[in-house]
Amino acid sequence: MSEPLIVPPTSEPVPVRKLIAELSDEEATTLRLLMQVCWVCFEDKDLIIDYGLDGVRGVLCTNCKSGVVAFKDSVENLRKAIKYLNR
Ligand SMILES: [Zn+2]
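The text that follows walks through the structure, step by step, so that each part is easy to find. Bear in mind the structure is a predicted one, so any value in this text is a computation, not a measurement. Sequence order sets the numbering: in each chain, residues are counted from 1 along the sequence as written. Restriction of local features to residues with pLDDT of at least 70 applies here, the model being predicted, together with a cutoff of 80 or more for giving and counting side-chain atom pairs; totals for whole chains, interfaces and linings are based on all residues.

What about the overall build of the chain?
What counts is decided by this rule: Secondary structure elements are taken from DSSP: a helix is a run of H or I of four residues or more, a strand is a run of E of two residues or more, and numbering for both begins at the N terminus. Any residue surrounded by 20 or more other C-beta atoms within 10 Å of its C-beta is treated as buried, while 12 or fewer makes it exposed and the intermediate range makes it partly exposed; C-beta atoms here are placed from the backbone. Think of it this way: build a C-beta for each residue from its backbone, and any pair within 7 Å is a contact.
Along the backbone of the chain there are 4 helices and 4 strands. The N-to-C order of helical and strand elements in the chain reads β-β-α-α-β-β-α-α. A total of 87 residues make up the chain; the buried ones form 8% of that total. Contacts in the chain between residues at least 24 apart in sequence constitute 16% of all its contacts with a sequence separation of at least 6.

This is the structure:
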């Protein structure tokens, strides 16, 4: 997977994932919207609008959307999967 890069005006290119980790939640959301990438994996292909119970939740690629659906949109189910993967 090739990760998009951001080139700040006065320094070396920075991986988007690293940059987003240093931003506030609001800044990261704005950056994701501007870059039009999946909010989970930062890929820019096969993007779809993801809807939650209260309307638009974000933008996901079809792979990440499939994962969210497979875990029934449940944070608890995803935590269990992470715990399982970390065994
Ligand atoms: Zn994705």
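Topic: the nonpolar core
Applied cut-off: Any nonpolar core is a set of buried residues, restricted to Ala, Val, Leu, Ile, Met, Phe, Trp, Tyr and Cys, that join up through C-beta atoms within 7 Å.
By size, the foremost hydrophobic cluster in this structure holds 6 residues: Val-37, Cys-38, Val-59, Leu-60, Cys-61 and Cys-64. In terms of residues, this core owes the most to one element, strand E4 (residues 55-61), which gives 3 residues. What Val-59 contacts, discounting residues up to four positions off in sequence, is Cys-38, Trp-39, Leu-47, Ile-49 and Asp-50.

Section: the pairing of E4
Inclusion rule: Any two strands between which DSSP finds at least two bridges are classified as paired.
Relative to E4, strand E3 (residues 47-52) runs antiparallel, the two sharing 6 bridges. In the sheet register, Gly-52 faces E4, and the bridge partner there is Gly-55. What sits between E3 and E4 in their antiparallel hairpin is a turn of 2 residues.

Some details on the environment of Cys-41
Mapping Cys-41 onto the fold places it in the loop between helix H2 (25-35) and E3. Taking the C-alpha atoms as reference, Cys-41 lies 7.4 Å from Cys-64; in sequence the two are 23 residues apart. Excluding residues that lie within four positions of it along the chain, Cys-41 makes contacts with Cys-61 and Cys-64.

Shape is all these values report; function is a separate question.
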